[in-house]
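Observations on chain architecture
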Amino acid sequence: MEAARVLTEHRHAVLLGDAGAGKSTFLATVAAEFAGRARGRRKSGDIAVILPAADLVGRRLPEALASAVHRDFAINLPAEVFERCLVGGGAWRVLVDGLDEIMATQHRSEVLWRIKAMFVDPGPYRFVVTCRPLTAPELAELRGPSVGVYDLRPFDRRELDEFAHRWFTARFPDDRRQADRSAVRFLARIAGARLGPVARVPLLATIAALVYESENDRALPSSRAALYDRFVDHLLDGARPLNRFREAVEPDLLSRGTEGAAVAAWLFSDIRRHVGDLLRACGAAWLTDPDASLTAVASTWIKVHAPHDLGPDRDRLLRELLRATGVCTVRREQVVFAHQSFAEYFAAAADGAFDKAAWIARATDPTTRSLAAFAVARQADPDTFVADLLSQNEPITAGDLLADGIPVRPETRDRITDLLLQQISDETEQAPDALRILGELSIDAAVLSQMAELATAPNLSSWTRALVADRIADVDPSKGHDLLREVAEHADEVVRAWIADTLDDRGGEVDPDLWLPLAADAQPVEKRALGALARHALTQRLADVRATDSERVAAARQLARGGDVIALRSMAEAADIDPYHRVQLAAVLADAGDPNLLRTLGAGSAGTRLAAYAAALALFERRDPWAAEALSAVVDAYPDRPMAFAAAARCVDLGNTEPLIRLARAPGEVHVRLAAARRLAALGNLAALGWLLDSPQIPTLEAATLAGLLRAGQAEVAPRLVRQPPFVIMVGLRG
């Protein structure tokens, strides 16, 4: 889907993506878009504020927003401004960047809970939260009916090819042949280095292009860590910004006498080494405290290692030096690493003796796995550590490291791939992550072939096969489309509709029959428990902008039958839902083990008489202990309606004739009373028919009542019946 739709399809959005996928760039683009709209309109509208997630630690949201606005724009606004809606009903678009950058698990958990509460509260905020993939329990905190969860997909082959051609076209705008030749060679170098899984990330594709341009006579490295090594070397070895820094600073230092000359001689004698050590110190400080001031860290490092201090302009000079490295920038008046991955890279380089236990803890935590990958890449034999992860039943962690390009032996690579495939075929809780990693590794033809075997395995669920086929389409569109169509032939309607939307989005040929309207109670064709992939897909379908309301409800029904009632409950409790539709959803909830809403509706809050009866009937059909009370309430609330007799008759089936007696005795619609009286007479209460004669009736109903008494053996009513006109008698006898 187009990225812009993320902002419109749901009140809130969560955007997931690996390091370098473009999450922060997306938020910056969104903020600029809203700012542009504000300049061109007279009336108030939404206003976007980018808020680093770390700013929410220990702070209320209004206070964090006020601080961010002051820091970014030097505008002082009281926190109270951010507690109310904007003039004209506009909302604060809060763009929370880098939830994963809250390193402390407890702090991240606290922020997650607060964001979840604000998702539910209809306040003046609309959120977009960006994050690297989190653990399933943490991600579950961010899901809800008003929240769309989206993945920033990496480049597929076509998109990587497009990136390469656009890049080199910009480099050679007047020489199309040279641009095309360079793009082809660059893509060949990526394939030759088996860098495909890494280069699918936009930031890393950009770094790879820069490394290729700087050293186009050398092969590209095969891992992310090695790619960063070469990129940092490119930035620091003879970089023009560093040369300009020297030209600007050296005369000033030399003018300060012997101490300044000593500092200049020390710094510029080996500026590459000194700057590298300085950045590693900054990385180590970031690892301890992500909010640490890099300028302050650099100042401390200079005091320890330089022969003398830099003098009164120390902070300014260090700011300029850090910026000149190319890996740091100024953001919110502070020098920071230009991207978190640079901080992780230098932190890994600065880490002391390799602590295996600490490394495993970082590697198994998705939020620190990138740092662990940089660290293990520096070890002499990374394969040993990756293989150990497999012995500890950590195939997902090992798979992520393999996709990161960590060098392992062929047998370790095969074990990882086999275990990932096994997670999918067994439909374990780790299957969604396994599929994500295999999608990244599917640049390898052997992995792609193994995935194709999964997509055609008859023992796997339709959802599993469809999702695998979709991943294959990222790399081989033709093959993936064929596999999707094959799965659709024997899939249920929910899967078929998803496949139709997926093929349509990918530009594939779609059979119109796949879009046939879903039945209100669409049932899965397969009688099997929902696996993790199916639950993941159904959950995503709930937030899928392509899905119709009936398709979302069908997805929620399947989730509920699998034991996950959260989505269905949210739909059923929505304020704007049709009352009868609400009862239908509540009935499915009851079948899934949660009868509370259906009982509440049956107790009188259904909203309409049809919905009230439907709720009572649904309780009766499930032999719920609340059914008798709900049916009796329908009798009392709507005594003039035929549904009242139907409800009273079902009360009899439950052993309670009182509602039927009340209906027959009470003044009201005579046809309903007659039906109730006849049912009571059939049960042996012959007097019930006589109750109708206690008050005047129209001739035909009086005749029908008398005829009923006559049939029941009460001959004394015959003279009264005979006195009726012949046609009335005939109608009464037929009745």
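The rules behind the values
- Residues numbered from 1 in each chain as written.
- Predicted model: local features only at pLDDT ≥ 70, side-chain atom pairs only at ≥ 80, totals over all residues.
- Heavy atoms only, no water.
- Helix = DSSP H or I, 4+ residues; strand = E, 2+ residues; numbered from the N terminus.
- Buried < 20%, exposed > 50% of the residue type's maximum accessible area, 1.4 Å probe, protein only.
- Contact = heavy atoms within 4.5 Å.
- Salt bridge = Lys/Arg side-chain N within 4 Å of Asp/Glu carboxyl O.
- Axes fitted to C-alpha atoms, helices over the stretch in contact; angles between N-to-C directions.
- Parallel < 35°, antiparallel > 145°, perpendicular 65-115°, else oblique.
- Left-handed = near helix turned anticlockwise from the far one by under 90°.
- Nonpolar A, V, L, I, M, F, W, Y, C, P; charged D, E, K, R; others polar.
- Pairing = 2+ DSSP bridges.
- Core = buried A, V, L, I, M, F, W, Y, C linked by side-chain atoms within 4.5 Å.
- Patch = residues over 30% accessible without salt bridge, like charges linked within 9 Å, V, L, I, M, F, W, Y side chains within 5 Å.
- Areas by Shrake-Rupley, 256 points an atom, 1.4 Å probe, with all protein chains shown as cover.
- Phe/Tyr/Trp six-rings, centres within 6.5 Å; stacked < 30°, edge-to-face > 60°.
- Lys NZ or Arg CZ within 6 Å of the ring centre and 35° of its normal.
- pLDDT = per-residue confidence, 0-100.
- Expected span 1.5 Å × (residues − 1).
- Right-handed = clockwise from strand over helix to strand, strands pointing away.

**Here's the deal with the overall build of the protein chain**
Helix and strand counts for the protein chain come out as 39 helices and 7 strands. For the protein chain, the residues scored as buried account for 50% of the 735 residues in total. Contacts in the protein chain between residues at least 24 apart in sequence constitute 62% of all its contacts with a sequence separation of at least 6.

**Regarding the pattern of salt bridges**
Any two side chains of opposite charge can pair, so long as their charged atoms come close to each other. All chains considered together, the criterion is met by 47 salt bridges. One salt bridge in this structure joins R436 and D433, with 3.5 Å as the shortest N-O distance. Note that R436 and D433 are positioned in helix α21 (residues 431-441) at a spacing of 3 residues, about one turn of the helix. Residue R436 is classed as buried on the basis of its relative accessible area, which comes to 14%. Here D624 ties to R599 by a salt bridge, and the two come within 3.0 Å at their closest N and O atoms.

**Regarding the environment of G20**
Topologically, G20 is positioned in the loop between β1 (12-16) and α1 (23-39). Measuring from C-alpha to C-alpha, the distance between G20 and A205 comes to 9.3 Å, with 185 residues separating the pair along the chain. Apart from residues lying up to four places away in sequence, G20 is in contact with V201, P202, L203 and H339.

**As for the environment of R609**
On the secondary structure map, R609 appears in helix α31 (residues 609-621). With relative accessibility at 39%, the residue R609 sits in the partly exposed group. Sequence separation of R609 and Y580 is 29 residues, and the distance between their C-alpha atoms is 9.5 Å. Discounting residues that sit within four places of it in the chain, R609 has contacts with Y638, R641 and M643.

**Looking at the packing of helix α34 (residues 658-665) against helix α35 (residues 670-682)**
Here α34 crosses α35 at 135°, and the two axes come no closer than 8 Å. The angle between α34 and α35 places the two elements in the oblique class. α34 and α35 meet at a crossing whose hand is left-handed. Residues L660, I661, L663, A664 and R665 of α34 touch α35, and the partners they reach there are V672, R673, A676, A677, R679 and L680. Taken together, the residues that form the contact of α34 with α35 break down as 8 nonpolar, no polar and 3 charged.

**Quick notes on the sheet that holds strand β5 (residues 147-151)**
Read from one edge to the other, the open sheet built from 5 strands follows the order β2-β3-β4-β1-β5, with strand pairing classed as parallel. The open sheet terminates on both sides in strands that have one partner only, identified here as β2 (47-52) and β5. Strand-to-strand twist of the sheet, defined as the mean angle between neighbouring strand axes without regard to direction, takes the value 15°. As judged from the 5 bridges shared by strand β3 (residues 92-97) and strand β4 (residues 125-131), these two strands associate in the parallel manner. Bridging across to β4, W92 finds its partner in Y125. Packed on one face of the sheet, helix α2 (residues 61-73) meets β2, β3 and β4 and runs near 95° to β2.

**Focus on the nonpolar core**
Ranked by size, the top nonpolar core spans 184 residues in total, and within it F186, L279, L322, F337, W359, W463 and I499 carry the most contacts. Among the elements that make up this core, the one with the highest residue count is α31 (10 residues). Residues in contact with W463, not counting those within four places in the same chain, are V494, V495, W498, A534, A537, L538 and Q558. Membership of the second largest hydrophobic core comes to 33 residues, among which are V49, A66, L112 and C131.

**Things to note about a nonpolar patch on the surface**
Taken together, the side chains of F73, I75 and L77 present a nonpolar region at the surface, about 280 Å² in accessible area. Its location among the elements puts I75 in the loop between α2 and β3. With relative accessibility at 40%, the residue I75 sits in the partly exposed group.

**A few points about the packing of aromatic side chains**
Scanning all chains against the criterion turns up 20 aromatic pairs. Their ring planes at 55° and their centres at 6.1 Å tell us that Y125 and F127 sit as a pair that is tilted. The two residues Y125 and F127 agree in class, both being buried. Cluster of aromatic residues (ring-pair linked, three or more members): Y228, F231, F337, F342, Y345, F346 and F374. In this structure, R224 is placed above the aromatic ring of F374, and the distance from its NZ or CZ to the ring centre is 4.1 Å. Taking NZ or CZ as reference, R623 lies 4.3 Å from the ring centre of F620, over its face.

**Examining the side chain of D594**
Counting through the fold element by element, D594 comes out in the loop between α29 (579-591) and α30 (596-605). Sequence-distant contacts of D594, that is, excluding residues within four places in its chain, are made with R569 and L589.

**Observations concerning the packing of α29 against α30**
At a closest axis distance of 7 Å, the pairing of α29 and α30 adopts a crossing angle of 135°. By the angle class used here, α29 and α30 are oblique. From α29, R582, V583, A586, A587, L589 and A590 reach across to α30, where they touch L597, L598 and L601.

**Let's talk about the confidence of the model for the protein chain**
Within the protein chain, residue pLDDT values average 84, and 89% of them lie at 70 or more. In the model of the protein chain, helix α39 (residues 726-734) stands out as the element of lowest mean pLDDT, 49, in contrast to helix α20 (residues 410-425), which has the highest, 96.

**Side note on helix α33 (residues 642-653)**
A rise of 1.5 Å per residue sets the reference length of α33, with its 12 residues, at 16 Å; its end C-alpha atoms lie 17 Å apart and thus fit the reference within 8%. Where α33 is concerned, the buried positions are M643, A644, A646, A647, A648, A649, C651 and V652. Buried residues belonging to α33 abut α31, α32 (627-637), α34 and α35. After α33 finishes, the residue G655 shows a positive phi value of roughly 90°.

**Examining the pairing of β2**
Pairing analysis gives 6 bridges linking β2 to β3, with the strands arranged parallel. Within β3, the position partnered with I47 by the bridge is W92. Crossover connection from β2 via α2 to parallel β3: handedness right-handed.

**Let's talk about unusual backbone geometry**
Peptide bonds are mostly trans, and most non-glycine residues show a negative phi. Phi angles above zero are rare outside glycine, and A74 is one such case at about 55°. Along the chain, A74 turns up in the loop between α2 and β3. Relative accessible area serves as the criterion here: at 57%, A74 is assigned to the exposed category. Look at N393: it is not a glycine, yet its phi comes out positive at around 60°.

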